[in-house]
Amino acid sequence: MIDIEEFGIHEGISEIILTTLSQDGVPNAAPMGLHRRGNRLFARIYNSKTLDNILNRPTAAANIVDDPFLFVQSSLSDLEPERFELMEGFSVLKDALGWIVFDCSYKKGTNVTVVELSPIRGKINRTTIKPVYRGFNAVIEAAVHATRYVVLKEQKYLDYIRYYNTVVQKCGGTREKEAMRLLYELIGIQVK
Ligand SMILES: Cc1cc2nc3c(=O)[nH]c(=O)nc-3n(C[C@H](O)[C@H](O)[C@H](O)COP(=O)(O)O)c2cc1C
């Protein structure tokens, strides 16, 4: 039995990177919100590789990650295969602070599918003290808007990204600034 409190999964939404496997065993990673209401855990997943994988093979792992670069890279491109650790029937990220593997059940929706998550295994690799860090949070917000921008191409998302970039430039460290450079590159926007 897994105590998800030990993994820091709180009421509301935690941003994690969900890893899944395709039917052919190719691992995939994408940031997703892990919703918790009481003891119920679920994700709301739009049509994507992640959803296809879960529909074919209903297992997924929530990777708890503190690297902003990995969030940006996995949201807008495919991670290199060497970033994954493959185990029996599931894949996780080597650099995760910890992970929880879930059995998934779902009722397929047209746009969005609610995937119910039942924890079956978990591992904590590292624990760290984390002061509130605006630079990191701003990268995550920018990445959310970037994933919307690439689909909807609306100017408002670029405006949000620009705003969060000012926070990163003020409060972030090298890794956060690298993550923002990658984000702009992957959405095809040049920054002066
Ligand atoms: C922090 C963050 C949270 C996200 N949460 C979700 C989510 O809850 N559901 C969803 O469908 N997409 C979410 N996304 C967008 C997906 O990560 C994005 O669409 C991704 O490209 C899907 O990749 P895939 O096709 O490899 O599955 C989120 C993105 C970020 C950056």
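The rules behind these values
- Residues numbered from 1 in each chain as written.
- Predicted model: local features only at pLDDT ≥ 70, side-chain atom pairs only at ≥ 80, totals over all residues.
- Heavy atoms only, no water.
- Near = heavy atom within 4 Å.
- Polar contact = N/O pair within 3.5 Å; in protein donor to acceptor, adjacent residues only side chain to side chain.
- Areas by Shrake-Rupley, 256 points an atom, 1.4 Å probe, with all protein chains shown as cover.
- Helix = DSSP H or I, 4+ residues; strand = E, 2+ residues; numbered from the N terminus.
- Nonpolar A, V, L, I, M, F, W, Y, C, P; charged D, E, K, R; others polar.
- Buried < 20%, exposed > 50% of the residue type's maximum accessible area, 1.4 Å probe, protein only.
- Contact = heavy atoms within 4.5 Å.
- Salt bridge = Lys/Arg side-chain N within 4 Å of Asp/Glu carboxyl O.
- UniProt positions renumbered as here; feature names shortened; annotations may be inferred.
- Domains from an automatic or database assignment.
- Buried area = accessible area lost by both parts, 1.4 Å probe.

Peer 1: Would you mind showing me how to read the site of the ligand here?
Peer 2: As a matter of local geometry, the ligand sits amid 17 residues, with P31, R44, Y46, T50 and S75 nearest to it. One nitrogen or oxygen atom from the side chain of N28 is found 3.0 Å from an oxygen atom belonging to the ligand. Take R44: an N or O atom from its main chain is 2.8 Å from a nitrogen atom of the ligand. When the ligand sits alone it has 650 Å² of accessible area, and the protein chains cover 81% of it. With five residues, the top contributor of residues to the shell around the ligand is strand β2 (residues 27–37). When the residues that make up the shell around the ligand are grouped by side-chain class, the tally is eight nonpolar, six polar and three charged.

Peer 1: Can you walk me through helix α2 (residues 68–76) in this structure?
Peer 2: The α-helix advances 3.6 residues per turn, and as a result positions three or four apart in sequence lie on the same side. Burial runs high along α2: eight of the nine residues are buried. Regarding α2, the residues found buried are P68, F69, L70, F71, V72, Q73, S74 and L76. At its buried positions, α2 is contacted by β1 (12–21), β2, β6 (90–93), α3 (134–152) and α5 (174–186). The opening residue of α2, the one whose side-chain oxygen lies 3.0 Å from the backbone nitrogen of F69, is D67.

Peer 1: Would you mind going over the pattern of salt bridges with me for this structure?
Peer 2: A pair can form between side chains of opposite charge whenever their charged atoms are brought close. Counted by the stated rule, this structure contains nine salt bridges. A salt bridge links E5 to R36; its shortest N-O distance comes to 2.8 Å. With E5 in the segment before β1 and R36 in strand β2, this pair connects stretches of sequence that are 31 residues apart. For E5, a relative accessible area of 48% translates into the label partly exposed. Judged by relative accessible area, which is 10%, R36 ranks as buried. The salt bridge partner of K156 is E154, with a shortest N-O separation of 3.8 Å.

Peer 1: Is there a simple way to think about the UniProt feature "domain: DUF447" (unreviewed entry) in the chain in this case?
Peer 2: Taking the UniProt record as the reference, the feature "domain: DUF447" (unreviewed entry) is found at residues 14–125 and 134–185. Summarising residues 134–185: 92% helix, 0% strand, and an end-to-end C-alpha distance of 22 Å.

Peer 1: Just checking my understanding: could you explain the environment of G25 for this structure?
Peer 2: Secondary-structure assignment places G25 in the loop between β1 and β2. Taking C-alpha positions, G25 is 8.7 Å from G89, a pair spaced 64 residues apart along the chain.

Peer 1: How should the domain arrangement of the chain be read in this particular structure?
Peer 2: Interface size is commonly expressed as the accessible area that is lost once the parts come together. Taken domain by domain, the chain consists of domain 1 (4–124) and domain 2 (134–186). Distance from the C-alpha centre of domain 1 to the C-alpha centre of domain 2: 22 Å. Across the domain 1 to domain 2 interface the summed buried area is about 1,100 Å²; carbon plus sulfur atoms make up 84%. Summed over the three residues of domain 1 that lose the most area to domain 2, namely P68, F69 and L76, the buried surface amounts to 52% of that side. Linking domain 1 with domain 2 are one salt bridge. At the junction of domain 1 with domain 2, the criterion picks out one residue pair in polar contact (both at pLDDT 80 or more). Of all the elements, α2 adds the most residues to the side of domain 1 that touches domain 2, at seven residues.

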